[in-house]
Amino acid sequence: MKLRAPRTGLRITTILVSMVVGVVAVILCCCIFLFLDRYRSAVVQNARTYSAQAVSQVSNTVANYLRDMDQAMELVEQSMSESAASRDELLTAFPEFRPEVVAVTSYSANGALLECWAPGHEPKEEIFCNLSFDLNTARAKGTSYMTAPHVETIFEGYYPWVVTMTAPLPEGGMASWVSLDLSFSSISSYINNVSIGQRGYCFLMDEQGSIVYHPQQQLLYSGLKAEDTAALAALEDGAYDDDTVIYCLTSVPGSSWRVVGVSYVDELVNRNVEEMIRLSFVLAAVLLAAALLTSWVLSSLLGRPLRGLASAMENFETDADHFTYRPVGGTREVQELSDSFGHMVLRIQRLMTTVREEEINLRKTELKALQAQINPHFLYNTLDSIAWMCERGRNADAVQMVHALARLFRISISKGHELIPIAKEIEHAESYLQIQKYRYKNQFTYTFDVDPDCLDYYCNKITLQPIIENAINHGLDLLVDEGRIDVRVQHEGDDILFCVQDNGVGMSQEQIDVILRPEARDRGGIGIKNVNDRLQIYFGKNYGLHITSEPDVGTCVEIRMPKIREGDYETK
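**Digging into the nonpolar core**
Among the nonpolar cores identified, the biggest contains 46 residues, and Ile422, Leu464, Ile468, Ile485, Phe498 and Ile559 are the most heavily contacted of them. Not counting residues within four places of it along the chain, the set of residues in contact with Leu464 comprises Glu425, Ile426, Ala429, Val487, Phe498, Val500 and Ile559. Counting 38 residues, the second-largest nonpolar core is a separate cluster that includes Ala63, Val104, Ala167 and Ile191.

**Quick look at a nonpolar patch on the surface**
Taken together, the side chains of Leu75, Leu90 and Phe97 define a hydrophobic patch exposed on the protein surface, amounting to about 240 Å² of accessible area. Among the secondary structure elements, Leu75 is positioned in helix H1 (residues 12–80).

**Digging into the confidence of the model for the protein chain**
Here the protein chain averages 79 in pLDDT, and 84% of its residues register 70 or above. Considering each helix and strand of the protein chain separately, the mean pLDDT is smallest for helix H7 (residues 265–318), with a value of 70, and largest for strand S16 (residues 495–502), with 94. Note that residues 1–5 has pLDDT below 50 and, in this model, 3 contacts with residues that lie over four places away or in other chains.

**Thoughts on the pairing of strand S7 (residues 201–206)**
Among the 6 residues of S7, 6 are classified as buried, and the element is accordingly described as predominantly covered. As defined by bridge partners, S7 adjoins strand S11 (residues 257–264) across 6 bridges and the pair is classed as antiparallel. By the bridge assignment, Leu204 is partnered in S11 with Val259. As paired elements, S7 and strand S8 (residues 211–213) share 2 bridges and run antiparallel to each other. Considered in S8, the bridge of Met205 is made with Ile211. Between S7 and S8, which follow one another and run antiparallel, lie 4 residues, and Gly209 among them has a positive phi close to 95°.

**Observations regarding the packing of helix H11 (residues 422–439) against helix H12 (residues 464–476)**
Two numbers describe how H11 lies on H12: the axes approach to 9 Å, and their chain directions differ by 25°. Taken together, the axes of H11 and H12 are roughly parallel relative to one another. The handedness of the crossing between H11 and H12 is right-handed. Contact with H11, carried on its side by Glu425, Ile426, His428, Ala429, Tyr432, Leu433 and Gln436, involves Leu464, Gln465, Ile468, Glu469 and Ile472 of H12 and no other residues of that element. Taken together, the residues of the contact of H11 with H12 sort by class into 7 nonpolar, 3 polar and 2 charged.

**A look at a negative patch on the surface**
A cluster of acidic residues, Asp68, Asp70, Glu74 and Glu77, forms a negative patch at the surface. Within the secondary structure, Glu74 sits in helix H1.

**Points about the side chain of Glu227**
Counting through the fold element by element, Glu227 comes out in the loop between helix H5 (217–222) and helix H6 (229–233). The buried charged residue Glu227 lacks any salt bridge, with Lys225 as its nearest oppositely charged partner at 4.0 Å. A polar side-chain atom of Glu227 sits 3.0 Å from a polar atom in the side chain of His214. What Glu227 contacts, discounting residues up to four positions off in sequence, is Tyr201, Phe203, Ile211, His214 and Leu220.

**Things to note about the side chain of Arg87**
You can see Arg87 is positioned in helix H2 (residues 84–97). Taking the relative accessible area as the measure of exposure, Arg87 reaches 12% and is therefore buried. With sequence-adjacent residues up to four places away left out, Arg87 is seen in contact with Ser79, Met80, Glu82, Glu115 and Trp117.

**Quick notes on the layout of surface pockets**
Here the second largest pocket is characterised by a volume of approximately 600 Å³. Along the walls of the second largest pocket sit 28 residues, with Lys141, Tyr145, Met146, Thr147 and Ser256 positioned nearest its centre. Those elements that provide at least two residues to the lining of the second largest pocket are H1, helix H3 (135–141), strand S3 (145–146) and S8. The dominant element in the lining of the second largest pocket, judged by the number of residues it contributes, is H1, at 5 residues.

**Observations regarding the sheet that holds strand S15 (residues 483–492)**
Strands sit in the order S13-S15-S16-S18-S17 across an open sheet of 5 strands; the sheet is mixed. Every other strand in the sheet has two partners, leaving strand S13 (444–450) and strand S17 (544–550) as the edge strands with one partner each. If you compare each strand with its neighbour and ignore which way they point, the axes differ by 15° on average. Note: S15 against S16, 8 bridges, orientation antiparallel. Each bridged residue has a counterpart across the sheet, and for Glu492 the counterpart in S16 is Asp495. Lying on the sheet, H11 is in contact with S13, S15 and S16; it crosses S13 at an angle near 170°.

Conventions and cut-offs
Residues numbered from 1 in each chain as written. Predicted model: local features only at pLDDT ≥ 70, side-chain atom pairs only at ≥ 80, totals over all residues. Heavy atoms only, no water. Core = buried A, V, L, I, M, F, W, Y, C linked by side-chain atoms within 4.5 Å. Buried < 20%, exposed > 50% of the residue type's maximum accessible area, 1.4 Å probe, protein only. Contact = heavy atoms within 4.5 Å. Patch = residues over 30% accessible without salt bridge, like charges linked within 9 Å, V, L, I, M, F, W, Y side chains within 5 Å. Areas by Shrake-Rupley, 256 points an atom, 1.4 Å probe, with all protein chains shown as cover. Salt bridge = Lys/Arg side-chain N within 4 Å of Asp/Glu carboxyl O. Helix = DSSP H or I, 4+ residues; strand = E, 2+ residues; numbered from the N terminus. pLDDT = per-residue confidence, 0-100. Pairing = 2+ DSSP bridges. Axes fitted to C-alpha atoms, helices over the stretch in contact; angles between N-to-C directions. Parallel < 35°, antiparallel > 145°, perpendicular 65-115°, else oblique. Left-handed = near helix turned anticlockwise from the far one by under 90°. Nonpolar A, V, L, I, M, F, W, Y, C, P; charged D, E, K, R; others polar. Lys, Arg positive; Asp, Glu negative; His and termini not counted. Charge placed at Lys NZ, Arg CZ, Asp CG, Glu CD. Polar contact = N/O pair within 3.5 Å; in protein donor to acceptor, adjacent residues only side chain to side chain. 1 Å grid on protein atoms, 1.4 Å probe; cavity = no way out; pocket = protein on both sides within 12 Å on 5 of 7 lines; lining within 4 Å. Points joined across faces, edges and corners; volume = space filled by probe spheres on them.

Here you go:
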């Protein structure tokens, strides 16, 4: 047969797809470049303005908080110059009209706590660390000063987050300094809720670059996040940006604090990018619709015969047995392809029929050979045991063994049927175990746990016996203690699951692999591998045996096969 030279050239569908993809790619690239050129600078400027506004609002809020603190401190200083009764009355009622006041405390010249006005809370008898007042700092400052936010430590079981303002008192009195603790929770909550974009935030630092408050202080303490405050402290108030981050700095009036806003260019730009992408998608969809319409017209005129031939090839690949080819029309080249494909279909179907018949005959021959491998030693040993029982006068036991042996071979023959009811297979396994229990002088026990709904389904005959034989010969024979074999049959979805488990010596994974290896051979009976081969020949590779074992613990063999009713499979 003369071979045709391979054809070269592009397919019509390839040309159409290339045109569509090329046009869409060019338009999308133009849209992206237009977006980057037109919007990036504007978006960055808008981000700087937005960040500056947010930082300015935070600065004004903090400034108002500090002004309120100064006013409160003035009232406290004035009260300290009044009489003790008037002072106590004022400072005791002070937190009622100024809820943010946590405590007012006075200290002696050597830093000892003299008095504390905090309704509902009493200071500790021994204060090991007072974060609200430090004598050395107070002496060094000489004037009013304010601490960074900290936890109140002078009370028992009460630890609010506060900022402390300390002022010196005129000489002549018992107290040399007075401190005002104000709750910082409102400011911290406000700063925590400020967001510049999705990931942007604000924080407070002083003029030296030390962080006063940061909404992510836990990450800073743990080393998972860092702020370059030294570099930020050297910058003037204003907005600064690089490729990824925008920093906006504003000083808080009347204090040494500065508000720093941090925002990210990429997320602010991405919002506009998404809008442009959506617009590009709409435009691309219009172009795709126009291109698809054009390609449909062209393919209707030129590609319909080729699509018909390709569809016929797909149908033949899907169901070659029942495929009937109908020639397609078109140009001369298409007709030649159609005729050649029709001849090929006929030849392949004839070859498939021949191969299938040979395969069926081969499988039947293999199954008959597998079933013929019944161990003659088992029959010899059983008959020898029956003879021994008769010689010892154990006629009743001998009769039971003879009946069990008869049932065993009657079910094994099964009138030539390969598939038998599960009830018969269980009876076959029980007969085998009964014989072996006599032979091994009751060295093991066995149980059957069978779901009654499974008994009417069909299975391959002589499936359980080789597994049980292997468990006795290789698992329980070397066992010192009493052996045990448990046989279970149950539903699992559309399958039936047999399980044979023993408490024998077990196997390693290498031994399991050898048993199921293709070249493995078992001299005892039909053998485990042969059982697995039979199941897969009948039902496919998804069914068969699965072995799990642990040395000195035991072995479990699972046998999976589909649910089969009488008549579902032809007698083989």
